[in-house]
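Understanding the architecture of this molecule
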Amino acid sequence: MTTRPELFDVDRRVALGLIPVGLFVFFAAIVLTTDFSGTTIAGFPDGGLSIVEDMGYSFIGAPGLAELPTENFLVALVLIAIMLDAALDGALMLAKRDDGGEN
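How each quantity is defined
- Residues numbered from 1 in each chain as written.
- Predicted model: local features only at pLDDT ≥ 70, side-chain atom pairs only at ≥ 80, totals over all residues.
- Heavy atoms only, no water.
- Helix = DSSP H or I, 4+ residues; strand = E, 2+ residues; numbered from the N terminus.
- Buried < 20%, exposed > 50% of the residue type's maximum accessible area, 1.4 Å probe, protein only.
- Contact = heavy atoms within 4.5 Å.
- Areas by Shrake-Rupley, 256 points an atom, 1.4 Å probe, with all protein chains shown as cover.
- Phe/Tyr/Trp six-rings, centres within 6.5 Å; stacked < 30°, edge-to-face > 60°.
- Patch = residues over 30% accessible without salt bridge, like charges linked within 9 Å, V, L, I, M, F, W, Y side chains within 5 Å.
- Salt bridge = Lys/Arg side-chain N within 4 Å of Asp/Glu carboxyl O.
- pLDDT = per-residue confidence, 0-100.

A look at the overall build of the protein chain
Per the secondary structure count, the protein chain includes three helices and zero strands. Listed by position from the N terminus, the elements making up the protein chain come as α-α-α. Counting all 103 residues of the protein chain, 5% fall into the buried class. When contacts within the protein chain are restricted to residue pairs at least 6 apart in sequence, long-range pairs at least 24 apart make up 3% of them. Accessible surface, the protein chain: about 9,800 Å² in total, of which carbon and sulfur atoms supply 67%.

Structure representation (structure tokens):
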């Protein structure tokens, strides 16, 4: 009886443990080879409204009321709410106990 050839015998747990190590090395190589010398840090201008207020206006879909230039994130806020609701419903469905008709 013939068997199929194996390249090397590796435990599955070892192979799954090497995936995060590989990702860390990949991201570390990206960070270490990136040139940050031309980057300038720009702060927020001092003004009347706080940054939190400006973020609130952008989240509710009223970026025109903010003093800082912001984008409209109303769709993103609604999608996040729907996804959180779906996750909560899924958790409740999984947590519901099935007695199988027994009391």
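We are not done yet, so read on.
Describing the packing of aromatic side chains
Going through the model one piece at a time under the given rule, you end up with two aromatic pairs. Measuring from ring centre to ring centre gives 6.0 Å for Phe59 and Phe73, while their planes differ by 55°; the resulting arrangement is tilted. Remark: Phe73 occurs in the loop between α2 (51-59) and α3 (74-95) and Phe59 occurs in helix α2; sequence separation between them is 14 residues. The class for Phe73 is partly exposed, based on a relative accessible area of 38%.

Some words on a nonpolar patch on the surface
Together, Ile51, Met55, Phe59, Ile60, Phe73, Leu74, Val75, Leu77, Val78, Leu79 and Ile82 line one region of the surface with nonpolar side chains, adding up to about 970 Å² of accessible area. The dominant element in the nonpolar patch, judged by the number of residues it contributes, is α3, at six residues. Within the secondary structure, Ile51 is located in helix α2.

Regarding the confidence of the model for the protein chain
Mean pLDDT over the protein chain: 81, with 83% of residues reaching 70 or higher. The least confident element of the protein chain is α2, whose mean pLDDT is 81; the most confident is α3, at 92.

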